[in-house]
Structure formats: C-alpha cells, structure tokens
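Survey of secondary and tertiary structure
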Amino acid sequence: MRQAFKQKLIDIIPALQGRVYDVQPPSQTAEEPYAVMALGEEIWKSSWAGYRQVVRIKLYAGQAGLAQADVWANALIAGLHRTPVTGKGEDTSAFTAHYLGVRDAEKLDTVTGKAYRTLRFGVYVPETEGGSAIPAPGAAQPEEWLAALVHWTQKQLGESWSVYADAWPAQPGSHAVLWRLSGCETRMAGASMYELRKRFIGHIIAPDTTEENHAASALVEGFAAQIQLPLEQEKGRYMSMAEASADLQADGILDGQLRLMLVQRRMRPAEEAALIRRVEIHPILK
C-alpha cells in the first residue's frame, strides 16, 4: 500500500517526483518542495469495514509558500478522496482512500523551522471480503434472504453498480452497495402461523453524495413498489417488505444509509402427541 500511495501522490503532483519520504526527510536540508508520508493509527471499526489505517501526509512547499501547499492539498483531496488506488508491478495492493480531515492543518516544524500543511486519509482494510451477487467458487454463501436482497438490488441499480453481502471487499469500486443482516425476531400471527422478521442495513458509496442520495431514494421507492421480494419464485416463496427508510446523513462505509425490515409468514409445525389407543364412553348417571 505504501508504494502505491506514494505513486498516486506523484501522479497528482509531479513536482514531488523523487521527493516523497517515509516518516521524515533524509536530512534537515532536503530540497523543497517535498512530502513526508507516515502510517498512523490502525483502528478496528466493525466486522463489515474491518480496520481503518490512517495515512498522514505533510506537504513542505518551501519558498512557494503555504498558499502553494493549499493548492496541492486541494488537488490531493480531489484526486484521492473515494478514489480506487491500485499498485503497479509487484505491488498488488488495491484500496480506496477517504479524506478524514485534520485538526491543525498548518504547523511549524520545531526542528527545522519549516512550515508544512497536513492531510489525513483513511484506508479501510477488511479482514474478509464480502460476497457479491455471484460468489466465487468455494466461497461461503450469503444467508438466503440476504442473497435474494443482493440479487434484487443488482437488478434495480443495473450493472454499473457492484452489490455485496456481509462485508466490504478491499476495493468495492466507485459505485457499490453493501447489505448486511443486523437482527431478526418472530411474532405470533395466529394459532397456526408465525411471522419471521429480519432487519437489514444497506450501505451506499458513490463518487459524490448526490449519486448516493439518488440511489438510496431509488431503492426505498423500489421497495414500496415491489411489496414482495422473491426467494424461490418457482415454488411461490416470497418475503414481504414491512418498512424501508433512508438516513441520507449517515456514513456510507461505517453506518449505512438504508434500514429495511422484511417479513415472511410461516406455518407452525404440528405438535407431536401420543396416539389414542382406545376410547370408552360412559353413560351419564342420573
């Protein structure tokens, strides 16, 4: 990941060619401009997002001044935020960087007396890759309802979107949806029937929030129009949509914008009882 990230910095800012250093420059008199890259905290976030590796970038603009550093910083944010990065040659790393912001954007290096501009990016590193609508051979299959939901979502949004189950992959793509099961419960629906209810959370990521909001709205409207989602259409097995909502302010990677409740009615199994061997009828005594 380190080399791929460095190369991406140079692609965006050619002036940094050969001047991107690890942790600190080789000497206090290193020729400016240059950048210093350091891997920061690695924090466990969730079972579906995995770890978040923080990457810190310090931009030293030298005589060009901090105004030039601001220009470079804006170029890096535009070029890296939500952008897939892939290594070249022997570097097979693939990841997507997310701009995290920083408390103190400008600081003074007390050792060298040079001012620099700081940026922070986050790279999510999942432990296991999620399943797509077509799981790889030998991979664990998603839960039955979840697999049907993934398939339905793929049909709704089209081939330009990637749809996953359970966990994010290392590089989900520019347009992606993740569905995960968050809970389940049962309710009695009569003496011979009961309801099985399952709650799902949907995560949507796209190059900008406008596309995310459009996809979230389209899916919520689609659930309202569909009412029933097929599990096994040829056998007449369906699940019904009980409620669907979208929080457009939620974090697409960590929290998910969509909340969905699906319901299926099932017959209660007949209770086993001892067979009656004999019946005797006694007259009523007056």
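The structure displayed is predicted, hence computed values, not measured ones. (Residues numbered from 1 in each chain as written. Predicted model: local features only at pLDDT ≥ 70, side-chain atom pairs only at ≥ 80, totals over all residues. Heavy atoms only, no water.)

1. Structural notes on a nonpolar patch on the surface
Together, Ile276, Val279 and Ile281 line one region of the surface with nonpolar side chains, adding up to about 400 Å² of accessible area. Mapped onto the elements, Ile276 comes out in the segment after strand 14 (258-267). (Patch = residues over 30% accessible without salt bridge, like charges linked within 9 Å, V, L, I, M, F, W, Y side chains within 5 Å. Areas by Shrake-Rupley, 256 points an atom, 1.4 Å probe, with all protein chains shown as cover. Salt bridge = Lys/Arg side-chain N within 4 Å of Asp/Glu carboxyl O. Helix = DSSP H or I, 4+ residues; strand = E, 2+ residues; numbered from the N terminus.)

2. Quick word on the packing of helix 1 (residues 2-12) against helix 2 (residues 65-80)
With their axes 10 Å apart at the nearest point, helix 1 and helix 2 run at an angle of 120° to one another. With respect to helix 2, the axis of helix 1 lies oblique. Considering how the two elements wind past one another, helix 1 and helix 2 form a crossing that is right-handed. Residues Phe5, Lys8, Leu9 and Ile12 of helix 1 lie in contact with helix 2, whose contacting residues are Ala75, Leu76, Gly79 and Leu80. Looking at side-chain class alone, the contact of helix 1 with helix 2 contains 6 nonpolar, 1 polar and 1 charged residues. (Axes fitted to C-alpha atoms, helices over the stretch in contact; angles between N-to-C directions. Parallel < 35°, antiparallel > 145°, perpendicular 65-115°, else oblique. Left-handed = near helix turned anticlockwise from the far one by under 90°. Contact = heavy atoms within 4.5 Å. Nonpolar A, V, L, I, M, F, W, Y, C, P; charged D, E, K, R; others polar.)

3. Comments concerning the nonpolar core
Membership of the largest hydrophobic core comes to 27 residues, with the highest contact counts inside it found for Trp179, Phe200, Ile204, Phe223 and Leu260. Elements with a contribution of two residues or more to this core: helix 3 (144-157), strand 9 (162-165), strand 10 (176-188), strand 11 (193-205), helix 4 (209-226), strand 12 (228-232), strand 13 (237-246) and strand 14. The dominant element in this core, judged by the number of residues it contributes, is helix 3, at 7 residues. Excluding residues within four positions of it along the chain, Ile204 makes contact with Trp161, Ala176, Val177, Glu212, Ala215, Ala216, Leu219, Gly252, Gln257 and Leu258. (Core = buried A, V, L, I, M, F, W, Y, C linked by side-chain atoms within 4.5 Å. Buried < 20%, exposed > 50% of the residue type's maximum accessible area, 1.4 Å probe, protein only.)

4. Some remarks on the environment of Leu254
Along the chain, the position of Leu254 falls in the loop between strand 13 and strand 14. Leu254 sits in the buried class, given a relative accessible area of 19%. Residues Leu254 and Val220, 34 residues apart in the sequence, show an inter-C-alpha distance of 20 Å.

5. A few points about empty space enclosed by the protein
For the coordinates displayed, the defined rule picks out 2 cavities of 30 Å³ or more. Roughly 100 Å³ of internal volume is contained in the largest cavity. Of the residues that constitute the lining of the largest cavity, the class distribution is 8 nonpolar, 2 polar and no charged. For the second largest cavity, the calculated volume is near 60 Å³. Along the walls of the second largest cavity sit Arg82, Thr96, His98, Pro172, Gly173, Ser174, Ile205, Ala206 and Pro207, which together make up its complete lining. (1 Å grid on protein atoms, 1.4 Å probe; cavity = no way out; pocket = protein on both sides within 12 Å on 5 of 7 lines; lining within 4 Å. Points joined across faces, edges and corners; volume = space filled by probe spheres on them.)

6. Some thoughts on the side chain of Thr153
Looking at the element boundaries, Thr153 is found in helix 3. Setting aside residues no more than four positions away along its own chain, Thr153 makes contact with Val163, Val177, Trp179 and Leu219.

7. Observations concerning the pairing of strand 10
The pairing of strand 9 with strand 10 spans 4 bridges and is parallel. The residue of strand 10 that forms the bridge with Val163 is Val177. Sheet topology places strand 10 next to strand 11; 12 bridges connect them, and they run antiparallel. From the neighbouring strand, Leu181 faces strand 11, where its bridge partner is Phe200. (Pairing = 2+ DSSP bridges.)

8. Here's the deal with the packing of aromatic side chains
Geometry of an aromatic ring pair is reported as the spacing of the ring centres plus the angle between the planes. One pass over the structure, following the stated rule, counts 10 aromatic pairs. With centroids separated by 4.6 Å and ring planes inclined at 20°, the aromatic side chains of Tyr34 and Tyr60 adopt a geometry described as stacked. With a gap of 26 residues between them, Tyr34 in strand 2 (residues 34-46) and Tyr60 in strand 3 (residues 50-60) connect regions that are remote in the sequence. Relative accessible area serves as the criterion here: at 3%, Tyr60 is assigned to the buried category. In this structure an aromatic cluster arises from ring pairing among Phe5, Phe95, Tyr99 and Phe121. Taking the ring centre of Trp145 as reference, the NZ or CZ of Lys198 above it sits at 4.6 Å. (Phe/Tyr/Trp six-rings, centres within 6.5 Å; stacked < 30°, edge-to-face > 60°. Lys NZ or Arg CZ within 6 Å of the ring centre and 35° of its normal.)

9. Structural notes on the pairing of strand 2
One ladder, built from 3 bridges, connects strand 1 (residues 20-22) with strand 2; its direction is parallel. Following the sheet pairing, Tyr21 is matched in strand 2 by Val36. Across 10 bridges, the pairing between strand 2 and strand 3 is antiparallel. Its bridge partner lying in strand 3, Ala38 is registered against Arg56. Taking the residues that link successive antiparallel strands as the turn, the strand 2-strand 3 hairpin has 3 residues.

10. Some points on the pattern of salt bridges
With the rule as written, the count across this model stands at 14 salt bridges. Linking Arg120 and Glu41 is a salt bridge whose minimum nitrogen-to-oxygen distance equals 3.7 Å. Of the two residues, Arg120 sits in strand 7 (residues 115-125) while Glu41 sits in strand 2, which places them 79 residues apart along the sequence. Taking the relative accessible area as the measure of exposure, Arg120 reaches 16% and is therefore buried. The class for Glu41 is partly exposed, based on a relative accessible area of 30%.

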